[in-house]
Amino acid sequence: MFKLIRNGIGFWGPDRTVGPMHLLVDGDTIAAVSRNEIPAPEGARVYDLNGRLLLPGFVDAHTHLAQSYGRGIYDNRHLTQWLWTMIRYLHLDEDETYTAAQLACIEALKSGTTTVAEMTSLGVNVDASVQAIADCGLRGVVSSCLGDYQEGDNPAPPLDAEGVLEEMTRLHRQWHNSHEGRITVRLSPVGLPACSEELMRGTRALADELDVGIHTHCCEGEIETQNAYERFGCSEVEALGQFGVLGPDVQLVHCVWLTDRDRQLIAESGSHVVHCPSTNLKITDGLPQMVPLQRLGVNIALGCDGQSSSGSYDLFKEARLASLLGKGLSADAAAFPAETALEMITRNGARAIGLGETVGELTVGHKADLTVIDYPQVHLIDEQRLLSNLIYAGSGGDVDSVLVNGEVLMWHRELLHLDEQAILAKALKQMRRAARILPN
Ligand SMILES: [Zn+2]
């Protein structure tokens, strides 16, 4: 079944000049991309973009979707206090997890995100969360966020290293390459501060055996990062290197508290970094220095993280903030230009989560995951400065239509396969029951 998407505009070539763009989809795959009109094959469905901007679908390289029910009620807390509060006061059953994740998927879709790298939070039903991604039509690289070690007086985690590895194996068996290949699985030890050496080494062995990547938090909190020196006699990144975890199939999330040596190790290992600037600023993790990593050649993607910590699932916000923060912290106005910001939420994101050959570019043979931006609009009127205007003035509300795997999921802002109003009404009732609101 062909779909012809005609009369769009797009960015062409290394200098990203704007020109006409027509695109042919064959099933779930991009079959042609051209500046010239493409004749409609017999039986093709034709979609006319009327001059709108066609982009690769956005890739969110780190999410905790079910945290949508905790949004807006645990504000003004530092990382440790925020996490403590959420673990104790946000309790979701299976149906609540499913709807909370649906709510997040709708927000992601409506702001142009077509792929999420979902790390389902500790204590939340991972299968319900993955089912929501599958049912909403998104592409998902999914994992369950698990640890086997706890510092201090906190209660011990429910699983030991062996139990965690068994659960990772179960998740892989149940979901990997399911739903027309849209759902794939990675392994997520939550992060070294909550994992043993045995679990980290075991995760690497299992990842190699299953031929899947690893998705883990790294160097987010200052105190937690420092604890590695007491536990392992070296930095967190050095320990991950010694345990065999680092490599080109790994996405390291946050990377706020790195030494120069850590940056070298990440670069040499080919590991990818996922930058979550809204979370880092809102729960005062610290100021993440991404420009030095980029200068070493590290691939940097962006993540909206959990809505409870970042506040939103709109990658436009992360792209703008990453660009501004990169410029500000490096005192280099040329750092992280708009071109780089767009790459971070498309091609870089795809590479970071192991889908570099599958999505992230409008290339023949890639899956047809597409985001259409309404154009022209008051803040997007000149083709010659469209990319800059898109990053610094654009928002998720500018997204007109979205396709994933060749399926039209949203057309002119209407979700075609989901009853948005019914889901919102159900979510409102549930979130008031499931998430206890605390005084600040
Ligand atoms: Zn996270």
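So, how was this worked out
Residues numbered from 1 in each chain as written. Predicted model: local features only at pLDDT ≥ 70, side-chain atom pairs only at ≥ 80, totals over all residues. Heavy atoms only, no water. Helix = DSSP H or I, 4+ residues; strand = E, 2+ residues; numbered from the N terminus. Buried < 20%, exposed > 50% of the residue type's maximum accessible area, 1.4 Å probe, protein only. Contact = heavy atoms within 4.5 Å. Patch = residues over 30% accessible without salt bridge, like charges linked within 9 Å, V, L, I, M, F, W, Y side chains within 5 Å. Areas by Shrake-Rupley, 256 points an atom, 1.4 Å probe, with all protein chains shown as cover. Salt bridge = Lys/Arg side-chain N within 4 Å of Asp/Glu carboxyl O. Lys, Arg positive; Asp, Glu negative; His and termini not counted. Charge placed at Lys NZ, Arg CZ, Asp CG, Glu CD.

Caption draft 1: Main features of the side chain of asparagine 405. As for its placement among the helices and strands, asparagine 405 is situated in the loop between strand E17 (399-404) and strand E18 (407-411). Residue class for asparagine 405 comes out buried when judged on its relative accessible area of 9%. Excluding its chain neighbours within four sequence positions, the residues that come into contact with asparagine 405 are Gly27, Asp28, Arg139, Glu180, Arg182, Lys367, Ala368 and Asp369.

Caption draft 2: Spotlight on unusual backbone geometry. A cis amide bond, omega 0°, links tyrosine 375 with the succeeding residue proline 376. Among the structural elements, proline 376 can be located in the loop between strand E16 (370-373) and helix H15 (386-393). For asparagine 7, which is not a glycine, the phi torsion comes out positive at approximately 65°. Checked against the element boundaries, asparagine 7 lands in strand E1 (residues 2-12). You will see that cysteine 219, though not glycine, has its phi angle at about 50°, which is positive. Mapped onto the secondary structure, cysteine 219 falls in the loop between strand E11 (214-218) and helix H6 (222-232). Given the relative accessible area of 1%, cysteine 219 is considered buried.

Caption draft 3: Here's a closer look at a negative patch on the surface. Together, Asp160, Glu162, Glu166 and Glu198 give the surface a local cluster of negative charge. Examined against the element boundaries, glutamate 198 turns out to sit in helix H5 (residues 197-210).

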